Amino acid sequence: MTVFAMLHMPSSAKYTAFALQSLLDSTQFAFDDQVLLIDHCGGYSPVPAQVKYVVAPGAITFAQKANFALRHAMAFGADLWLLSNDVHFTPKWRDAAEGCDSVIALPACNQLM
């Protein structure tokens, strides 16, 4: 199982819908994978049906949202992929990332060469 957690920030709200839709369109998910959108302001709309929308209590930092996502994944014994809300996910991006031997991958580009 894999939890894909995207952190929504009001300052980059215009990117979230685009990033989220490209993630859903370009990713092959396993039956038990989860996509989380973590927000601390509430009111993000529309939330696609495949996405679990989580409103964190109060204004929390990026690190606190990341820790929330990590605890959620650990509760399910799942891997966590912490995703930026300002990335356009392209076909086969997951294949490229899974081919990386590192625990943390910080790609400059998710295009396959």
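In short, a report on the structure. (Residues numbered from 1 in each chain as written. Predicted model: local features only at pLDDT ≥ 70, side-chain atom pairs only at ≥ 80, totals over all residues. Heavy atoms only, no water.)

1. Describing the side chain of Thr2
Phase 1: Looking at the secondary structure, you find Thr2 in strand 1 (residues 2-7).
Phase 2: Not counting the four nearest positions on each side in its chain, Thr2 is found in contact with Asp33, Gln34, Ala78, Asp79, Trp81 and Arg94. (Helix = DSSP H or I, 4+ residues; strand = E, 2+ residues; numbered from the N terminus. Contact = heavy atoms within 4.5 Å.)

2. Considerations on the pairing of strand 1
Phase 1: The buried count for strand 1 comes to 6 of 6 residues, which makes it a mostly enclosed element.
Phase 2: By the alternation rule, side chains of strand 1 split into Thr2, Phe4 and Met6 and Val3, Ala5 and Leu7, which are all buried.
Phase 3: Here 5 bridges tie strand 1 to strand 2 (residues 34-39), and the two strands are oriented parallel to one another. Paired with Ala5 across the bridge in strand 2 is Leu36. (Buried < 20%, exposed > 50% of the residue type's maximum accessible area, 1.4 Å probe, protein only. Pairing = 2+ DSSP bridges.)

3. A word on unusual backbone geometry
Phase 1: At the junction of Ser45 and Pro46, the peptide bond is cis and its omega measures out at -5 degrees in the coordinates.
Phase 2: By secondary structure assignment, the location of Pro46 is in the loop between strand 2 and strand 3 (51-55).
Phase 3: Backbone geometry at Lys92 places phi at a positive 70 degrees, although glycine is not the residue there.
Phase 4: Inspection of the secondary structure assignment puts Lys92 in the loop between strand 4 (79-83) and helix 3 (93-98).

4. Concerning the sheet that holds strand 2
The pairing of strands in a sheet happens through backbone hydrogen bonds and is either parallel or antiparallel.
Phase 1: Taken together, 4 strands build an open sheet; the order of strands is 3-2-1-4 and the sheet is parallel. Each end of this open sheet is capped by a strand with a single partner; those strands are strand 3 and strand 4. This sheet shows a mean twist of 25 degrees between the axes of neighbouring strands, independent of strand direction.
Phase 2: Taken together, the 5 bridges between strand 1 and strand 4 define a ladder with parallel strand orientation. Paired with Phe4 across the strands is Trp81, a residue of strand 4.
Phase 3: The strands touched by helix 1 (residues 13-26) are strand 1, strand 2, strand 3 and strand 4; relative to strand 2, the strand with the most contacts, the crossing angle is about 175 degrees.
Phase 4: This element, helix 2 (residues 62-75), spans strand 1, strand 2, strand 3 and strand 4 of the sheet and lies at about 155 degrees to strand 4. (Axes fitted to C-alpha atoms, helices over the stretch in contact; angles between N-to-C directions.)

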